[in-house]
Structures are given as structure tokens and as C-alpha cells.
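# Understanding the architecture of this molecule
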Amino acid sequence: MDRLMRIAFLSEHASPVALLGGADAGGQNVYVDEVSRNLARRGYAVDVFTRRDSSDAPEIIDWAPGVRVVNLKAGPPKPRPKDELWPFMSQFRDSFLRFMVRDEARYDLLHGNFWMSGWVVTELRQRLDIPAVQIFHATGKTKRRHQKKVDTSPGDRIKTELRIVRNVDRLIAQCPAEQAELINDYEADPAKVVVIPSAVNTQVFKPVSQAEARKRLGLEQEGRIIVYVGRMLPRKDIRNIVRALALLAQQEEKGTDSTLPQATLMVVGGETVEPDPEATPEIGELQRLAAELGVSERVRFIGKRQANELRYYYCAGDVAVTTPWYEPFGLTPLEGMACGRAVIGSAVGGITYTIKDGETGLLVPPRNPEALAASLRELLSQPERCKQMGQAARKRVEREFTWSIVAMRTAALYETVLAERRHESLPVDTTPLSIVSLPKVPESNP
Ligand code: UDP
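This section reports on the structure supplied with the text. (Residues numbered from 1 in each chain as written. Predicted model: local features only at pLDDT ≥ 70, side-chain atom pairs only at ≥ 80, totals over all residues. Heavy atoms only, no water.)

## Brief notes about the sheet that holds strand β1 (residues 6-10)
In any sheet, the strands associate via hydrogen bonds between backbone groups, in a parallel or an antiparallel arrangement. Pairing in this open sheet of eight strands is mixed, and the strands run β3-β4-β2-β1-β5-β6-β7-β8 from one edge to the other. Of all strands in the sheet, those bounded by a partner on one side alone are β3 (60-64) and β8 (193-195). Across this sheet, the average inter-strand angle for adjacent strands is 25°, counted without regard to direction. The pairing of strand β7 (residues 170-173) with β8 spans three bridges and is classified as parallel. Paired with A173 across the strands is V195, a residue of β8. (Pairing = 2+ DSSP bridges. Helix = DSSP H or I, 4+ residues; strand = E, 2+ residues; numbered from the N terminus. Axes fitted to C-alpha atoms, helices over the stretch in contact; angles between N-to-C directions.)

## A few points about the sheet that holds strand β13 (residues 342-346)
Read across the open sheet, the six strands follow the order β11-β10-β9-β12-β13-β14; overall the sheet is parallel. With partners counted over all chains shown, the strands left at the sheet margins are β11 (299-303) and β14 (361-364), one partner each. Ignoring which end each strand starts from, the neighbouring axes of this sheet average 20° apart. With four bridges connecting them, β13 and β14 associate as parallel partners. In the strand pairing of β14, S346 is matched with V364. Along the sheet, helix α8 (residues 238-254) makes contact with β9 (224-229), β10 (263-268), β11 and β12 (319-322), crossing β10 at roughly 165°. (Contact = heavy atoms within 4.5 Å.)

## Overview of the site of the ligand
Of all residues adjacent to the ligand, which total 19 residues, the nearest are R231, K236, R305, L331 and E335. Here an oxygen atom of the ligand sits 3.0 Å away from a polar atom, N or O, in the main chain of G27. Backbone polar atom of L331 to an oxygen atom of the ligand: 2.8 Å apart, as the coordinates give it. Taken together, the elements giving at least two residues each to the shell around the ligand come down to α1 (27-41) and α11 (331-338). Here the shell around the ligand gets three residues from one element, more than from any other, and that element is α11. Residues of the shell around the ligand, tallied by class, amount to five nonpolar, seven polar and seven charged. (Near = heavy atom within 4 Å. Polar contact = N/O pair within 3.5 Å; in protein donor to acceptor, adjacent residues only side chain to side chain. Nonpolar A, V, L, I, M, F, W, Y, C, P; charged D, E, K, R; others polar.)

## Considering the pairing of strand β6 (residues 132-135)
Residues A132 and Q134 of β6 are buried on one face, and the alternating residues V133 and I135, pointing to the opposite face, are buried as well. In this sheet, β6 lies alongside strand β5 (residues 109-113) in parallel orientation, the contact comprising four bridges. Following the sheet pairing, H111 is matched in β6 by V133. The parallel pair β5 and β6 is bridged by helix α3 (residues 114-128), and the resulting crossover is right-handed. Where β6 meets β7, three bridges bridge the pair, whose relative direction is parallel. Looking across to β7, one finds that I135 is bridged to I172. (Buried < 20%, exposed > 50% of the residue type's maximum accessible area, 1.4 Å probe, protein only. Right-handed = clockwise from strand over helix to strand, strands pointing away.)

## What about the packing of helix α4 (residues 140-147) against helix α5 (residues 157-167)?
Contact pair α4 / α5: the axes reach a minimum separation of 9 Å and the direction vectors enclose 150°. Relative to α5, the element α4 lies roughly antiparallel. Every residue of α5 that contacts α4 at G140, K141, K143 and R144 is listed here: R157, I158 and E161. Residues of the contact of α4 with α5, tallied by class, amount to one nonpolar, one polar and five charged. (Parallel < 35°, antiparallel > 145°, perpendicular 65-115°, else oblique.)

## Section: the pattern of salt bridges
This structure, assessed with the given rule, holds 30 salt bridges. A salt bridge links D83 to K143; the nearest nitrogen and oxygen atoms lie 3.7 Å apart. Here D83 is found in the loop between β4 (67-72) and α2 (89-102), whereas its partner K143 is found in helix α4, with 60 residues between them in sequence. You'll find D83 and K143 in the same group, each marked buried. D169 is the salt-bridge partner of R421, the closest N and O atoms lying 3.8 Å from each other. Placement of the pair is R421 in helix α15 (residues 403-423) and D169 in the loop between α5 and β7, with a sequence separation of 252 residues. (Salt bridge = Lys/Arg side-chain N within 4 Å of Asp/Glu carboxyl O.)

If you want it as C-alpha cells, here you go:
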């Protein structure tokens, strides 16, 4: 690199500053945080643009060396569900342009996250002639396919995604399943789609002995613990895990399996630190289901926790489980693996790529408590096998799924895109900053 490359990362609802675990703060926030920091370590200057969701939030935060978070005005400065943010996206775009002019900020490349920022990125690409890379994190067609009528995405979503696919320089898919989806469902040019799997922070998520983890959390040393960590949403299908637990409990009671020790389920995630069914309705649903199936005493709700504490929860468990209906990538299986735990995951999306079935954990069909109960029984009754899987899992993560690898591949992608631009002799914007004029933008919402 001859000079410092400046990257604008746009992520309207998912800020690296947010606390994780609630309905709209999960994997995308982690991605934006880790990729921006790791790109900065490679010598890029990254500004992360996100929506200002509190009147106390400063406009610019020096977040990490080489990374700033810029809170842009777009709609009221208070939390709003992400599916209500679409009408504010033209304002987000205009605030970005104003910021660029006012701060004399110039960017070599735009990196859009999620479909709404993707729309903003295509607008900016056209107006400023800056190349753009897009990662969706989740797509509207898959969401609609699985959630059907309960999908609260705005009606414009899929149409807008199709337009983004046509109008950016490259698309990042997080796994081969997403690559196929972009090509088959969105008619993306295969040459434009690059697979860059996401990762886990192996310094934060690392093994600690089960005894130590349980002691630290004040948990009993005896008994098997199944751990779920993640957002508390119906599509994550934690109900499936409760149902599987109830099947295991039935078998214990009938005495049909003397090798099976008592197992409990620990559920980490939600809107609040103290588990609260009012703030997190899914907790209420799970409590009702557990009561109905007679396993209330075996299900423990923890509430949301932050990354630095999560390794103790993963490590207190014997096995980590996640069985969503669908999963664009899924960071939590990797986190469990990085903590040296066997992980059972549903055979969907990115999970089929991260878990090596039979080596680092087991894959099960989604929406199938019987299959999950059988896999749980298999692992919980073989602690030595479980341990070996956990060790293999940690090794796999260290080899293939670190954020520095993601940043290296992302940087290579940026360089390819920038080289293409130079080759096409469409110079990366060299206009003196003082004369970058604010393009006229319509007042109406998109
Ligand atoms: N998470 C967290 N605290 C919680 C629950 C979840 O920090 O209480 C984090 C979790 O560790 C993971 C992210 O939220 O990093 C969830 O990402 P994933 O890709 O698994 O699912 P998504 O939220 O993107 O659907």
C-alpha cells in the first residue's frame, strides 16, 4: 500500500459499541467490530458508520487504534427495532455525505453490512464513484422462506437486495451455502461472489477446565450441562432443545438407559442481564414449554452476558447446542468450539460448514427433537469422546476461523477491487476534499 487506505464500513443497526445478546445485537455487531479492528492492524483506517440510537451517544468514538465509530443521524436518537429503520435510510445516506464534506473525509472503498446499509452503499457508489463490497449477514428470501407470515421485514427488502447484488463490485458470502443462495436465488454473477467465512476471537474464547468454570459461576460440579448461547428468538428454536431435554428426562425416568447421567440446560441470552420473560418474551415461551413438559427444574435461564464472561458458560457445559431453523453463518458454534467443547448444531447454512460432523461435534436435522435427543444421549454418555471432539474443535478453529484470517482475505479482496478500478482507469476519487460537493438528494424516503 502506498498510502493509508480508508474504508467506510456501513452498518446501520449493528454497532460494535452495542451490548450483545438482545434481539437486534448479535453476530453482525461482532463481525463489524472484529473485522474493522483486524483491518486496522493491517494498516487500513476504518470508519464504522452506524445509526445514532441515543441522544447521549457522541458523534465520533475513537473505538480502537485505527477504528472510529461514527454515529449518524437517521431517525429519532433512540432504540428502534431494525425492521423499522428502512424509512430512515435516505437520511442515513445524507448524514454520511454531510459528514464526509464537513470532516473532509475521503474513502477508497465502501463496505456495506446488511441490506439497508447495502442500499446506502449502492447510492454512494454511484454518486461518489467509490467501489463497494457488500456482505448481507442474512437475506430476505431465506428469512421469508422460514419465517413466512411472522417475517417483519419491510416489503421492499428482497427487491432492494436484488438491486444491491447487481450494483456492487463484490459480494462476500460467509459460507458455500450463502454463495449458492446469492447465485441461485439472487442471480448474482458467480465471479462477483467471494467466500470469506467469519471467525471467532481465540484469545477471548479459549478453554478453561469445567471444574473451574462451574466454580466461578457458582454451579454444582455434578451432572451434565447442555449450553445454549445466543439471541432468544423463535427461529433459533431453543424450544427444540427443551423438547429434546424432556425426551432425555423421560428415558431417565423409565430407566431405559442406565448410562445416561442427569442433564440440565443452561440458556444464555436475552434483553436483560437478569432473565426477564417480560423483556424477552421468548424466555416466557420457553418457561411455559418446560413446565408443560415437566422439565422446569432442569432449565436455567441466565440472561445476557458479554464476551469476556461467555467462555465460562461454554466451558461449564459438557456440550454446546444450537439448532436454528436456518443460520446464515452462526458464530456461537465457533465460540463453543474455540472453548474446546463439542457442539451439536442443526445441519443448516454456515453450521454445516463450521462443525465437522463426527469430529468436532454432531449435525442434526432442524425441528427434530428426537434426533437431537439421540445425539445428546450419544455425547453425554461418552465423556471421553466429547473431550476429544472438543480438542479437535479448538484445533480446527485455530487453523481456519480466526479474525486475522478474515481480515487478510478481506484485505486481499479490497486490493483486487481497487486494482480493477485502477486498471479500468477509473481513478479512485482524487478530487480535492474541499470541492467535494454535497450531491442533491431527494427529500422523500426510499
Ligand atoms: N451473544 C452475547 N451475549 C449473549 C448472547 C449472545 O455476546 O448473551 C453473542 C454470541 O456470543 C455471538 C453473537 O451474540 O457472538 C450471536 O451471533 P450468531 O452469529 O451466533 O447469531 P446471530 O445473532 O448473528 O443470529
